[in-house]
Structure formats: structure tokens, C-alpha cells
Amino acid sequence: MRNINKISFHQIKNILNKNNLENSSEINENEYFESLNSLVSAGINDLTFFSNENLTKDIINTNAKGILINKKNKSLIPINTKPIYVENPYKAFAIISNLFMPQNVSNGIISTHSDIHNSSTIKNNVQIDSFSHIKENCEIHDNVIIESNCTIGPNVIIEKNTIIKSHTRLLNSNIGSNCIIKSGAVIGGTGFGFDLKSKNRIQHFGNVIIENNCNIGSNTTIDRAVFDSTIISKNCFIDNL
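Residues numbered from 1 in each chain as written. Predicted model: local features only at pLDDT ≥ 70, side-chain atom pairs only at ≥ 80, totals over all residues. Heavy atoms only, no water.

Asks: What is the right way to read the sheet that holds strand E19 (residues 186-189) from this model?
Replies: Ordered in space as E7-E10-E13-E16-E19-E22, the 6 strands form an open sheet in which the pairing is parallel. Each edge of the open sheet is held by one strand with a lone partner, namely strand E7 (115-116) and strand E22 (221-223). One ladder, built from 2 bridges, connects strand E13 (residues 151-152) with strand E16 (residues 169-170); its direction is parallel. Bridge pairing in E16 links Ile152 to Leu170. (Pairing = 2+ DSSP bridges. Helix = DSSP H or I, 4+ residues; strand = E, 2+ residues; numbered from the N terminus.)

Asks: Would you take a moment to explain helix H3 (residues 89-100) for this structure?
Replies: What sets the pattern is the α-helix's 3.6 residues per turn: residues three or four places apart point alike. End to end, H3 covers 16 Å across 12 residues, agreeing with the expected 16 Å (1.5 Å per residue, within 8%). Within H3 the residues assigned to the buried category are Pro89, Ala92, Phe93, Ile95, Ile96, Ser97 and Phe100. (Expected span 1.5 Å × (residues − 1). Buried < 20%, exposed > 50% of the residue type's maximum accessible area, 1.4 Å probe, protein only.)

Asks: Explain the sheet that holds strand E14 (residues 156-158) to me, please; I cannot follow it from the model alone.
Replies: What links the strands of a sheet is backbone hydrogen bonding, and the strands pair in either a parallel or an antiparallel sense. Read from one edge of the open sheet, 6 strands run E8-E11-E14-E17-E20-E23, paired in parallel fashion. Sheet topology places strand E8 (121-122) and strand E23 (229-232) at the edges, where each strand pairs with a single neighbour. Strand direction decides the pairing type here: strand E17 (residues 173-175) and strand E20 (residues 207-210), joined by 3 bridges, are parallel. Each bridged residue has a counterpart across the sheet, and for Asn174 the counterpart in E20 is Ile209.

Asks: Help me understand the pattern of salt bridges, please; the structure alone is not making it clear to me.
Replies: Oppositely charged side chains can form a pair if their charged atoms are brought close together. Per the counting criterion, the structure on display carries 5 salt bridges. Linking Lys65 and Glu31 is a salt bridge whose minimum nitrogen-to-oxygen distance equals 3.6 Å. With Lys65 in the loop between helix H2 (56-60) and strand E5 (66-69) and Glu31 in the loop between strand E2 (23-24) and strand E3 (32-36), the pair connects residues that are 34 residues apart, well separated along the chain. In this structure, Lys65 and Glu31 share a single accessibility class: buried. (Salt bridge = Lys/Arg side-chain N within 4 Å of Asp/Glu carboxyl O.)

Asks: I keep staring at the pairing of E19 and nothing clicks. Help me out?
Replies: Of the strand pairs in this sheet, E16 and E19 are connected by 2 bridges, and their pairing is parallel. Bridging across to E19, Arg169 finds its partner in Val186. Of the pairings in the sheet, the one linking E19 to E22 comprises 3 bridges and is parallel in character. Its bridge partner lying in E22, Gly189 is registered against Asp223.

Asks: What am I meant to see in the packing of aromatic side chains here?
Replies: Each aromatic ring pair is described using two quantities: the centre-to-centre distance and the angle formed by the ring planes. Evaluation of the coordinates by the stated rule reveals 5 aromatic pairs. Centroid distance Phe49 to Phe93: 4.2 Å. Interplanar angle 15°. Geometry classified as stacked. Residue Phe49 is located in strand E4 (residues 46-49), and its partner Phe93 is located in helix H3; the two are separated by 44 residues in the primary sequence. Both residues of the pair, Phe49 and Phe93, belong to the buried class. Feature note: the residues Phe49, Tyr90 and Phe93 constitute an aromatic cluster, connected by ring pairs. Positioned over the ring face of Tyr32 is Lys6, at 4.4 Å from the centre of the ring. Sitting over the ring of Phe33, Lys65 keeps its end group 5.7 Å from the ring centre. (Phe/Tyr/Trp six-rings, centres within 6.5 Å; stacked < 30°, edge-to-face > 60°. Lys NZ or Arg CZ within 6 Å of the ring centre and 35° of its normal.)

Asks: What exactly am I supposed to notice about the nonpolar core here?
Replies: Nonpolar side chains tend to gather and get buried jointly when the protein is soluble and globular. Counting 24 residues, the largest nonpolar core has Ile146, Ile152, Ile158, Leu170, Ile181, Ile187 and Ile210 as its most contacted members. Mapped onto this core, the elements with two or more residues apiece are strand E11 (138-140), E14 and E20. With residues up to four places along the chain from it excluded, the contact list for Ile181 reads Ile163, Ile164, Lys165, Thr168, Leu170, Ile175, Ile187, Ile210 and Ile216. (Core = buried A, V, L, I, M, F, W, Y, C linked by side-chain atoms within 4.5 Å. Contact = heavy atoms within 4.5 Å.)

Pasting the structure below:
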């Protein structure tokens, strides 16, 4: 995982403390790591982690500069690798990985090649990329990113700091804050409802509610309810397809 910016141990320590993960290390706070990598692939300026005791051979031979590890396994650490002791190395790895992956931040630009219906509201610092369409009765809140070739609406609310990846279709939906909707998702379409005998289709009048901090995988479909709401509760992760 190569990163443009070097990450200091001071930054790593701060994010662990912020997430209430107790940690200890003799690493100088000004020392830096260039990337986060596996035990096998880590280089002399990389940070790695050890959480699987089946990988004992790999940790002995790692070239990593630093390692997230439980103290009970301290005897396995090579002499040139500096430990960062944590109770749960895998959880620490998950949190720290966000430092090494550049975050998408809205550039506040609405492309001249996008289209916004005059009944819709766009709040502050919203990014809408080329060939995306915002249809009627939509509210797009602060710092939202809508990538290219998306169709949003009708009747969609997207709360702040949410990212809608390219080629996504949203309609009749309320999307919470700090969500990621990945490419190709279709949310809020008509469900698969019909009368078994006559084969008459049942129309769907409800909507979809996706609460805060959800991650919806690529090419996922979530249909709206017949009358009420299809609800994805906060902090849900749905994988691709």
C-alpha cells in the first residue's frame, strides 16, 4: 500500500488514542512510515501487523520497520523491527489503514456538464462531476461528492460527507451522512412484487432509508418498500453484488 505522504508515529499514536486503543512503543514520535504492508512484503520503511499465529514464520523473516503486535508475542519480533504494542493488532491495523489511504474530499466544483433540476437544493461545498444528473425534489447536503455518470432522484436526500461513486442510480431514498455508495449501485427502484395468480405487478410507494456510516458495495441493488421504508441501519457494510 504505497502512500504519497509519509505517516509519522505521532499520527499513528494519535489515531490509536482517539479510538481508545491503548498502545506503547519506544519509537520516536517523529519517525515515519512510508506504507502499511503485509509481513512478507513490508520493506525497511514500512509498518506491518501480526494477528495470526499461523504466520509465525513470516514475522520472523519480516523486514518491516515497525509492527503492531500484542505483547504476548514480543519474542517473535526480529531485531530490526520496532514494536507498537496493542491488545488487538488487527483492529489497530484497520484504524491506521485510514491514515495511509488518501481520503476523498469534495473540491466544491459542480461540473458544467452536469444537470440539476430547479426543484432540487444543493448545499455547501458539493462536488458533482461530469454527466451526472440531479432530478426533481432532491437535497444534497454539505461536502457530498457525486462522481461522474450518476443519476440522483427523484426524491432523494443525501446527508453531509457522503460519497456517491460513478455510475450509481438513486431514487426515492434518504442517504445518511458519512456513507459510501460504490459504483453501479441501484437504490430505491421498484421491488419484485406481483400477484401470483394474475401476475399483475404491485407498485411500490415507499422509499429506502440508509442511515449514517454505511458502506454499500458496487453493483448492489436495494429496492424501496411497497408502503413504508426499506431500512439499512447505521454502520452497516454491504459487500459487492
